[in-house]
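Coordinate inspection notes
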Amino acid sequence: MPVTHLIGFSVTVADLAGTAAFYRDSLGLRIGPERVFLDPVSNTLYGLEPGTTVRAVDVLIGRQVVELVAFDPPGRSYPKKRESNDQWFQHFALVSKNIAETWERLNSGGLRDEITRDGPVELPPNTGSVTAFKFRDPEGHPLELISFPPGVGAAVWQTARGQGILGCDHTAISVTDLERSLRFYTDLLGFRVAGRSLNHGPEQDRLDDLQGCEVDVVALEPTTVATPHLELLHYRRPPGRTSLSGFWANDVASVRQFQKVDNLDALVEQLIAEGTTFVSPGKVTLRSGRAAATIRDPDGHIIVLVE
């Protein structure tokens, strides 16, 4: 029943063409052609009204894909007040062997929303001495540039060639109760804990643009393919804002993980028994013949389970 690997990610946008241009021009990523979803079951999968129109563009990041999706009618814009410790925070870590060069390209392209202060920051040894920089795309979604020193991180990043963005290492989500989230992702979805650290100090404050930051970082790997993986971010200090109403798929703050599982029927039964919140009415079958179900984790992050 466990998750075998993270297939990809889906991000809601309001301006599909403009946001795709940002990923292409400012980050140097390849963009696929625009396509329209004609399967009404896809709206059921996302918990949306039957007449909702869905358009999408793929952003190709090495071997990974991030799908930009625009819905009509649209939902809410990304909240104006936004911090790294917000409950709805979810970023993608984009790997670059030359982070200074990638950052310069991004900066010269008119970056308007930096999170990290004063450019990339090298983190302490307990984090692997990685260099990172956080920022936001034009819609408000947080992103991270990350560079691994020799011998640190997945082997694929040590052997990958190129100076631009090589791929997506992980997606990181903010969680309000770490032990509850660990139980959900390990006991129910079958992830394994691959690493754990408590990050704090001036470098972390600068990276997150927070004061007195103290955050648990837990890396969770799927059972078969370890990269990309999932990271849980639990901010002990300062506490972040929580969302009482949650976010729906057509809200710009919505991001979906697509996770491959080996026995969807059995997993859906177990999730129902555990009281998991479903976005879809249990398992649905798409026009392609593929079965899927959409759920929320304990903090409301949306997960699409695909067989």
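Heads up: the structure comes first, above all this text.
Counting of residues starts from 1 at the beginning of each chain's written sequence and follows it residue by residue. Per-residue local features are limited, in this predicted model, to residues with pLDDT of at least 70; the limit for side-chain atom pairs, both in listing and counting, is 80 or more; totals at the level of whole chains, interfaces and linings are taken over all residues. Processing note: side-chain calculations cover all non-hydrogen atoms of the structure and skip hydrogens and water entirely.

**Focus on the pairing of strand β10 (residues 165-174)**
Stated precisely, the cut-off is as follows: Only protein chains enter the accessibility calculation, which uses a 1.4 Å probe. A residue is then buried if its area is under 20% of the maximum for its type, exposed if over 50%, and partly exposed in between. Here a helix means four or more residues in a row that DSSP labels H or I, a strand means two or more in a row labelled E, and each is numbered from the N terminus. Strand pairing is defined by DSSP finding a minimum of two bridges between the two strands.
β10 sits mainly inside the fold: ten of its ten residues count as buried. With seven bridges joining them, strand β6 (residues 90-96) and β10 adopt antiparallel strand pairing. Within β10, the residue paired with Val95 across the bridge is Gly167. In this structure, β10 lies alongside strand β13 (residues 229-237), joined through five bridges in parallel fashion. Residue Ile173 lies in a different strand from β13, and its bridge partner there is Leu232.

**Quick word on the side chain of His234**
Test applied: Any pair of residues with heavy atoms lying within 4.5 Å of one another is described as a contacting pair.
Relative to the assigned elements, His234 resides in strand β13. The residues contacting His234, other than those within four sequence positions of it, are Val175, Thr176, Asp177, Leu178, Glu214, Val215 and Asp216.

**Some points on unusual backbone geometry**
Cis geometry marks the peptide bond from Asp72 to Pro73; its omega dihedral reads 10 degrees. Here Pro73 lies in the loop between β5 (64-72) and β6. Arg237 connects to Pro238 through a cis peptide bond whose omega is -20 degrees. The phi torsion at Ser129 lies on the positive side, around 55 degrees, for a residue other than glycine.

**Some thoughts on the pattern of salt bridges**
The condition that has to hold: A side-chain nitrogen of Lys or Arg and a carboxyl oxygen of Asp or Glu constitute a salt bridge if their distance falls within 4 Å.
What the rule picks out here adds up to 16 salt bridges. For Arg35, the salt bridge identified is with Asp58, shortest N-O distance 3.2 Å. Of this pair, Arg35 sits in strand β3 (residues 35-37) while Asp58 is found in strand β4 (residues 53-61), placing the two residues 23 residues apart along the sequence. Taking the relative accessible area as the measure of exposure, Arg35 reaches 31% and is therefore partly exposed. Among the ionic pairs, Glu221 bridges to Arg192, the shortest N-O distance being 2.6 Å. Of this pair, Glu221 sits in strand β12 (residues 214-221) while Arg192 is found in strand β11 (residues 192-200), placing the two residues 29 residues apart along the sequence. A cluster of three or more residues bridged by salt bridges with shared partners is formed by Glu214, Asp216, Arg236 and Arg237.

Purely spatial values, then, with no claim about function.
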